Amino acid sequence: MSSDEPVGPDRPDANDSAKATFRLLNNTDEMARLDRAVDEFGQAEQWPEQMSYHIKLALEEVVMNVINYAYDDDDDHEFEVRVESNREHVVIDIIDDGQPFDPLQEAATPDVEASLEARSIGGLGVFFVKTLMDEVEYRRENDCNRLTLTKRYQE
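Fair warning: this is a prediction, and the values are worked out from it, not measured in the lab. (Residues numbered from 1 in each chain as written. Predicted model: local features only at pLDDT ≥ 70, side-chain atom pairs only at ≥ 80, totals over all residues. Heavy atoms only, no water.)

1. Considerations on the overall build of the chain
Rule in force here: Helix numbering and strand numbering both begin at the N terminus, where a helix is a DSSP run of H or I of at least 4 residues and a strand a DSSP run of E of at least 2. Each residue is assigned to one of three classes by its accessible area relative to the maximum for its type, calculated with a 1.4 Å probe on protein chains only: buried under 20%, partly exposed between the two thresholds, exposed over 50%. The criterion used for residue contact is that any of the two residues' heavy atoms lie within 4.5 Å. The Shrake-Rupley method, run with a 1.4 Å probe, gives the accessible areas here. Residue values count only the displayed protein chains as cover.
When helices and strands are tallied, the chain shows four helices and five strands. Going through the 155 residues of the chain one by one, you find that 43% of them count as buried. Sequence separation of 24 or more characterises 64% of the internal contacts of the chain that already satisfy a separation of 6 or more. Approximately 9,500 Å² of the chain is accessible, and the part contributed by carbon and sulfur atoms is 43%.

Here's what the structure looks like:
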């Protein structure tokens, strides 16, 4: 690819970005709705097929963890997935007001070389997300967990 060709969607300025916010309940039925919405957003933003696939896989892992583990009651809770796409990268923030949990520090580190029988439970999803994304960051702010996933356009 020559340097004159846009790397991502055809935008006049790398700072010109498209944004979407998806509000979800902590219910597994929400996954299908999120998957469709992110797929439509990615198509509109002209994400390459593999990039879209990686983003949706990582989101599924993170969002299912929020749904299943962030809250210590059976009440309905709302959380957000914010997506920003520009010609250089896609940045996704998953923001929930659940229990404080830094998956980058607190999740077990999986031994991917061990046999299935010898592996301990936990940590494989975080490992998977870190493998699919170019950057993964966590911070606790305003009593909320905020996990930021970044995927850059590849040449």
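What follows picks up the thread again.
2. Details of unusual backbone geometry
The backbone phi angle of Gln46 is positive, close to 60°, even though this residue is not glycine. Take Gln46: it is sitting in the loop between helix H1 (30-44) and helix H2 (49-69). On the accessibility criterion, Gln46 (52% relative accessible area) is exposed.

3. Looking at the confidence of the model for the chain
Formally: The pLDDT score gives, residue by residue, the confidence of the prediction method on a 0 to 100 scale.
Chain-level pLDDT for the chain is 84 on average; 77% of the residues reach the 70-or-more range. Ignoring residues within four places in sequence, the model shows residues 1-12, a span with pLDDT below 50, making 20 contacts including any to other chains. Note on residues 118-123: pLDDT under 50 across the span, and nine contacts to partners over four residues away in sequence or across chains.

4. Some points on the packing of aromatic side chains
Quick reminder of the rule: Pairing of aromatic side chains requires ring centres within 6.5 Å, counting the rings of Phe and Tyr and the six-membered ring of Trp. Pairs whose planes differ by under 30 degrees are stacked, by over 60 edge-to-face, and all others tilted.
For the coordinates displayed, the defined rule picks out one aromatic pair. Taking 5.8 Å as the distance between ring centres and 70° as the angle between the ring planes, the aromatic pair formed by Phe41 and Trp47 counts as edge-to-face.

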